[in-house]
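What the coordinates show
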Amino acid sequence: MRHQNATAYRFLAPYLLIFAVFWVWPIISSFMISFQATRTVPWRFAPGFNWGRLIGDPAFFNALENTLLILVIQVPVMISLALVMAVLLNSPLLKARGLYRFAFFAPVVVGEVAYSAVFRLMFNLDFGIINKLLNSVGLPKIDWFSNVTPAMALIMIAVTWRWAGYNAIILLAGMQSIPEDVYEAATLDRVSKLKQFFHITLPLLKPVIVFCLVLSIIGTMQLFTEPFLITERGGPGGGTETLGLLLYRQGFRSLNFGYASAVAYTMAGLAIAITLVQLWLTREPK
Amino acid sequence: MSSRSSTRLGRSIALHLFLTPLALIWLFPLWMMVVFSTMPDNGIFSPGIELLPHGNFIDNFNNLQRDTNFVGAIGISVSVAVTYTILSVLLTSMAGWALARYQFFGKGAIVAIILGTITLPYAVVLIPQFIMVARDFKLANTWIALIVPPLFNSLGVLFMRQSFSMMPDDLFDAARVEGVKEWRIFLFVGLPLARPMLAALAIILFLASWNNYLWPLLINSQPGSMTAPVALGTLIGLTKVSWGGIMAGAVMLTVPMLVVFVLLQRHFIAGIAAGAVK
């Protein structure tokens, strides 16, 4: 067609404008802000100011360590659980499938604030239902909020509850796109269900699993609401402070935009590294 | 024959014995949310184990309304989510249409920028967005601040691009031969054909806006301009606050979405699963 350039850009213009102003430009802008001293007006270019502070800041390393610790434990546990959910929900033997799907997928629609509030009450030291149930079976109460290890565990439990079903939905969709006849041929050859899972389902599902891993890693890396609301601003004593929370404190409590941008770009660097690993893992064999 | 069906039965029993407790554990927090929302505060903070709903929801709701103007905040949340969803579906489907149906200068670059930046964490744009909206445009605590910046989301563009590019050319060429204008082809041929995808996209966008927390927390922090999740979040951690009220608010945020989920499950799942199909 003759006028395709004009036509195409008429359709694209409104979105591109928003996309440029609120996404592309901020990506560039925060990179530049991270090289500026922003505590005093006017801001001035001082390349080492924020990044120099970052590499000597124990609060940064604490947040980085907590974030990575949550990543390394929570993400694999959640993806494995999601895989189990997806496999079992896909089983032809399952009755009342709708009920099970509802149970696992319902958390997907629950907002972070609502579920953070519930988890805070459920895990309350003296009156929380979890400690009451632990007590009733003869186990000691756990002080979920005053000790670092249980507090971290609580954050991981909460995030896993919220996001396992989400990943199960994606994995289930991936499984259902594997052609039936592959399994039929395997069944005819008397290959056991377990072997079929490891030798057919898992390899064919690899790109989807990697996608879920990347999505979850990038999501968990930005973890903010749960340590903000459940363990109350990263408590006890910074024990559950994450990079997301550090960015919030520095950027929006101390209004230290330069330093917060450096923290943000640390997260971006991690995300880019993880995406490159994903591309490498799912590359087409040549 | 009989041994095969008996192993099937055994498998089926094992499956249900494993999955049922897991499902109950997964439902437990939601169930407790409902239970807490119906209990008086002195009941929530009492030593006994209570697993069944009481009748205190209305009192709790009144306490919540006393602690913060939750009804007003819900009004803001609903209006923002509806407006955002309509605008975002419109903008992203227009962009997706252009990327799927036309050849034009710069197309490859636009797709490359969208795909190349989609996995960057949102945290990267948070600070410049805040400086722009609050300081440069002076739009903090307005509806525009809640609705417009989140429209950058490019998931819809990719989703709609894929939907439109799967449609056969003849559908549109027939109309072109008749001399129908491109925007009419988009509106009256393209969009109606994409209805299921639009539904899935709209649900996902509505949910994202409804539950959005960090951006509204930062940009609309004045009491009269808060969304419902932000208003509820301000109560968490206060000392003199009704927890039954907070739970009533949590139920009001959650239950409508659960109903939508049950009614429109297919679209919901299609929308989430679409993220994985590139």
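Look up a bit, the structure's there.
Residues numbered from 1 in each chain as written. Chains lettered and ligands numbered in written order. Predicted model: local features only at pLDDT ≥ 70, side-chain atom pairs only at ≥ 80, totals over all residues.

Right, let's get into the overall build of chain B. Secondary structure summary: chain B contains 15 helices and zero strands in total. For a compact globule of 278 residues, the expected C-alpha radius of gyration is about 19 Å, and chain B comes in at 24 Å, more than 25% above that figure. Projecting the C-alpha coordinates of chain B onto the three principal axes gives extents of approximately 75 × 75 × 35 Å. The buried share among the 278 residues of chain B stands at 43%. Long-range contacts, defined as pairs at least 24 residues apart, comprise 73% of the intrachain contacts of chain B with a sequence gap of at least 6. (Helix = DSSP H or I, 4+ residues; strand = E, 2+ residues; numbered from the N terminus. Rg over C-alpha atoms; globule rule 2.2 N^0.38 Å. Buried ≥ 20, exposed ≤ 12 C-beta atoms within 10 Å, placed from the backbone. Contact = placed C-beta atoms within 7 Å.)

When you go through chain A residue by residue, the secondary structure sums to 12 helices and two strands. Along the first, second and third principal axes, the C-alpha atoms of chain A reach 75 × 75 × 35 Å. Relative to its 286 residues, chain A shows a buried fraction of 46%. Long-range pairs, those at least 24 residues apart, make up 69% of the contacts in chain A with a sequence separation of at least 6.

Turning to the packing of helix α1 (residues 4-33) of chain A against helix α12 (residues 257-281) of chain A, a few remarks are in order. Residues and elements named next belong to chain A. Between α1 and α12, the shortest axis-to-axis distance is 8 Å and the interhelical angle comes to 120 degrees. In this structure, α1 meets α12 at a crossing whose hand is left-handed. Two secondary-structure elements touch here, α1 through Ser30, Phe31 and Ile33 and α12 through Phe257, Gly258, Ser261, Ala264 and Tyr265. Class assignment for the residues of the contact of α1 with α12 results in five nonpolar, three polar and no charged. (Axes fitted to C-alpha atoms, helices over the stretch in contact; angles between N-to-C directions. Left-handed = near helix turned anticlockwise from the far one by under 90°. Nonpolar A, V, L, I, M, F, W, Y, C, P; charged D, E, K, R; others polar.)

The next thing to look at is unusual backbone geometry. All names here are of chain A. Residue Pro42 is bonded to the preceding Val41 through a cis peptide linkage, with omega at -5 degrees. Locating Pro42 in the fold gives a position in the loop between β1 (36-37) and β2 (44-45). Cis geometry marks the peptide bond from Gly235 to Pro236, where omega comes out at -5 degrees. One non-glycine residue, Ala96, lies in the positive phi region at around 50 degrees. Relative to the elements of secondary structure, Ala96 occurs in the loop between α3 (58-89) and α4 (97-105). On the basis of neighbour count, Ala96 is assigned to the exposed category, with 12 C-beta atoms found within 10 Å. With a phi angle near 50 degrees, Glu232 is a residue other than glycine that sits in the positive phi range. Relative to the helices and strands, Glu232 is located in the loop between α10 (225-230) and α11 (243-253).

With that settled, the discussion passes to the environment of A:Met85. Residue and element names in this part refer to chain A. By secondary structure assignment, the location of Met85 is in helix α3. The class of Met85 is buried, set by 26 C-beta atoms lying within 10 Å. Along the backbone, Met85 and Ala153 are 68 residues apart, and their C-alpha atoms lie at a distance of 21 Å. Beyond its immediate chain neighbours, meaning those up to four positions away, Met85 contacts Phe104, Ala164, Gly165 and Ala168.

Here the focus is the interface of chain B and chain A. Taken together, the contact between chain B and chain A spans 73 residues of the former and 77 residues of the latter. Looking at the side of chain B that touches chain A residue by residue, the class counts come to 57 nonpolar, 13 polar and three charged.

The subject of this paragraph is the nonpolar core. Counting 168 residues, the largest nonpolar core has A:Ala82, A:Val118, A:Ala168, A:Leu171, A:Val263, A:Ala264 and B:Ala250 as its most contacted members. No other element matches the 17 residues that helix α7 (residues 148-176) of chain A contributes to this core. Dropping the residues within four chain positions of it, A:Leu171 is found in contact with A:Ala82, A:Leu83, A:Ala86, A:Leu205, A:Val208 and A:Cys212. (Core = buried A, V, L, I, M, F, W, Y, C linked by C-beta atoms within 7 Å.)

Here we come to the environment of A:Leu223. Residues and elements named next belong to chain A. Topologically, Leu223 is positioned in the loop between α9 (193-221) and α10. Leu223 gets classed as buried once you count the C-beta atoms within 10 Å, which come to 22. Expressed as a C-alpha distance, the spacing of Leu223 and Gly244, which sit 21 residues apart in the sequence, is 5.6 Å. Setting aside chain neighbours within four positions, we find Leu223 in contact with Thr67, Ile70, Val159, Thr242 and Gly244.

Time to look at the environment of A:Gly235. All names here are of chain A. With respect to the secondary-structure elements, Gly235 resides in the loop between α10 and α11. Taking the number of C-beta atoms within 10 Å as the measure of exposure, Gly235 has 16 and is therefore partly exposed. C-alpha of Gly235 to C-alpha of Met122: the two residues are 113 residues apart in sequence and 17 Å apart in space. Look past the residues within four positions of Gly235 in its chain and what remains in contact with it is Phe145, Ala151 and Thr240.

All right, on to the packing of α9(A) against α12(A) then. All names here are of chain A. Axis separation between α9 and α12 bottoms out at 10 Å; the angle between their running directions is 175 degrees. Between α9 and α12, the crossing angle belongs to the class labelled roughly antiparallel. Between α9, through Val210, Val214, Ile217, Ile218 and Met221, and α12, the contact on the second element is made entirely by Met267, Leu270, Ala271, Ile274, Thr275, Gln278 and Leu281. Counted by class, the contact of α9 with α12 contains 10 nonpolar, two polar and no charged residues. (Parallel < 35°, antiparallel > 145°, perpendicular 65-115°, else oblique.)

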